[in-house]
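Remarks on the overall topology
Listed below, chain by chain, are the residues.
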Amino acid sequence: MFELIKNSYKIIFVGRPNVGKSTLFNRLLNYRKALVHNKPGVTRDRVEAQTNWMVKGNKFPVLLVDTGGIGGEYFKDEIIKQIRFSISSADLILLLFDAQTGLTPSDQIVLQQVRESIGDSKRHIPIVGVVNKVDVEVHEALLFDFYSTGLNSIVTVSAEHGRGIEDLKLELYNKMISCPVTILPECSDHIEHIPKITIVGRPNVGKSTFINALLNENRMITSSIPGTTIDSVDSLVKIDNKPYLVIDTAGIRKKSKTKQGVEVLSVVLAQKALERSDLAILLLDGETGITTQDEKIAAIIEKHGCSVILAVNKWDTQKRNFKFTKMHAATRVRDEMKFLKYAPIVFMSALEKQGFETLGNLIEKILKERKKKISTHVFTEWIRTEATVHNPKNAKFFMCHQTGSHPPSFACHVNDPTKIDSSLNGYFMNSMRKRWGFTGSPIRLYFIKHHHVKSRFAVNV
Ligand code: GDP
Ligand code: GDP
């Protein structure tokens, strides 16, 4: 049901420090970032950039990932971990060497690490060797040295002077087109139109397990060194054949040592992700129940106007608990999260990959209803009719219209907004859900004082 899709070929830059990875990375992107330095072992953030190359008249979308150098004295283990993690999802590895130093024992170690990582990933990932700093001419004898590594694809370049760059792109292109990767060309151009789904929940509810079950790959990375942790990872995922950008907020856990710190950070991170999402899947723990932390995250979802699915995870732990049924659990969720009563509840076990079957349909339905547009005429007539049924303070309605879809929002012009009390507001909300659904989405209803507009041509006498 779930399938990971790609909008570009992921190329990972690996090599010991100072071989010129940053320089080549910038060169291949056609820009210079202030990342180049000549101090071996200086660590830096993992840098990713997406670009399109033109090769043989074809658009070639690539995601370049520059890693820290293996072999530096700083953060060695962390960097190796990161590189292994990067390699697990790579389409191609670009392994850099330095022509001016020749093949060194460190290069051999790097190559061995790369080969082990490929072995662990159980996938065929091609390696292209790049001998850098060939600024003037190629010495055959020197290349012979690099071929002794057993790599059959080696290109010489000068990243600094731009030598051999087009040949390198061609080599990468030729290697890639023979690779079994699904590229959806429509995705790379229209990524902003793909619905965004954030997976949120307090620590330990099972976000990573769920994401891994969706993606079927291990994407957690653990690190306590600032700058080496990925805050949130976006993945393009096909669910029931439809593309979605899934935003994972799980990586935060390892950033803070205290329980309290973790909880605060998970809220901050959830907030950042929700700002750019259409839908949130809020994971709840079916084993331990709802806490105030869950309610806090739920309130943030509602505040950002995201649509929401409440997913009670770890339901496998209740399988033999006949006294506590799905109905009991749902009642409890409704009681404790009254303000999200429009959110569908699903039960699942991320661990056993159960309860996902209907998720694709539900997501599609919610996003479709969220986009519904109601015409001003229809909405005004509808409000006026409803106001004849329930309207304790006899408010008078003028033009009522939809003002937006993220989330569905409406403005109603009334003679006196103080005549709209919570019972009338609640009545309209319930009736709107009955009439138009908007399943899973918050609805915003604003009541604005109506002003009689005088005609511009009216003459005061
Ligand atoms: P990294 O540690 O592998 O990312 O290496 P950098 O990109 O930071 O480069 C290390 C040093 O090598 C810098 O001083 C660069 O200017 C230098 N360098 C990079 N590419 C070339 C090249 O093609 N020729 C020469 N001569 N120097 C280069
Ligand atoms: P996260 O902090 O939200 O990313 O949570 P994790 O995915 O790391 O899960 C926390 C713990 O809950 C791990 O020990 C998981 O194995 C466990 N877990 C996750 N999902 C389930 C589930 O569906 N059933 C059970 N029984 N355990 C689960």
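These numbers come from a predicted model, not from an experiment.

Some details on the side chain of threonine 380
By secondary structure assignment, the location of threonine 380 is in helix H12 (residues 376-389). Of note is the side chain of threonine 380, whose polar atom sits 2.9 Å from the backbone oxygen of cysteine 400. Residues contacting threonine 380, with those up to four places away along its chain left out, are Phe398, Met399 and Cys400.

Details of the site of ligand 2
Around ligand 2 sit 17 residues in total, of which Asn204, Lys207, Ser208, Thr209 and Asp316 are the nearest. Serine 208 is positioned with one of its side-chain polar atoms (N or O) 2.4 Å from an oxygen atom of ligand 2. Within the side chain of asparagine 313, an N or O atom sits 3.2 Å from an oxygen atom of ligand 2. Starting from 580 Å² of accessible surface for ligand 2 in isolation, the protein chains cover 79%. Sorting elements by how many residues they give to the shell around ligand 2 places helix H7 (residues 207-215) first, with three residues. Residues of the shell around ligand 2, tallied by class, amount to five nonpolar, seven polar and five charged.

With respect to the packing of H12 against helix H13 (residues 422-436)
Two elements in contact, H12 and H13, have axes whose closest approach is 11 Å; the angle formed by their N-to-C orientations is 125 degrees. In this view, H12 runs oblique relative to H13, as classed from their interaxial angle. Of the two elements, H12 crosses H13, and the hand of that crossing is right-handed. Between H12 and H13, the residues in contact are Val378, Phe379, Trp382, Ile383, Glu386, Ala387 and Val389 and Tyr427, Phe428, Ser431, Met432, Arg435 and Trp436, respectively. A per-class count over the contact of H12 with H13 returns ten nonpolar, one polar and two charged.

Looking at the packing of aromatic side chains
Inspection of every chain in the model, using the stated rule, returns 17 aromatic pairs. Between phenylalanine 60 and tyrosine 173, the ring centres sit 5.2 Å apart and the planes meet at 85 degrees, which makes this aromatic pair edge-to-face. Taken together, the residues phenylalanine 60 in strand E4 (residues 58-66) and tyrosine 173 in helix H5 (residues 165-177) connect sequence positions 113 residues apart. Centre to centre, the rings of tryptophan 382 and tryptophan 436 are 4.9 Å apart; their planes meet at 65 degrees, and the pair counts as edge-to-face.

Calculation rules
Residues numbered from 1 in each chain as written. Chains lettered and ligands numbered in written order. Predicted model: local features only at pLDDT ≥ 70, side-chain atom pairs only at ≥ 80, totals over all residues. Heavy atoms only, no water. Helix = DSSP H or I, 4+ residues; strand = E, 2+ residues; numbered from the N terminus. Polar contact = N/O pair within 3.5 Å; in protein donor to acceptor, adjacent residues only side chain to side chain. Contact = heavy atoms within 4.5 Å. Near = heavy atom within 4 Å. Areas by Shrake-Rupley, 256 points an atom, 1.4 Å probe, with all protein chains shown as cover. Nonpolar A, V, L, I, M, F, W, Y, C, P; charged D, E, K, R; others polar. Axes fitted to C-alpha atoms, helices over the stretch in contact; angles between N-to-C directions. Parallel < 35°, antiparallel > 145°, perpendicular 65-115°, else oblique. Left-handed = near helix turned anticlockwise from the far one by under 90°. Phe/Tyr/Trp six-rings, centres within 6.5 Å; stacked < 30°, edge-to-face > 60°.

Geometric values such as these leave the question of function open.
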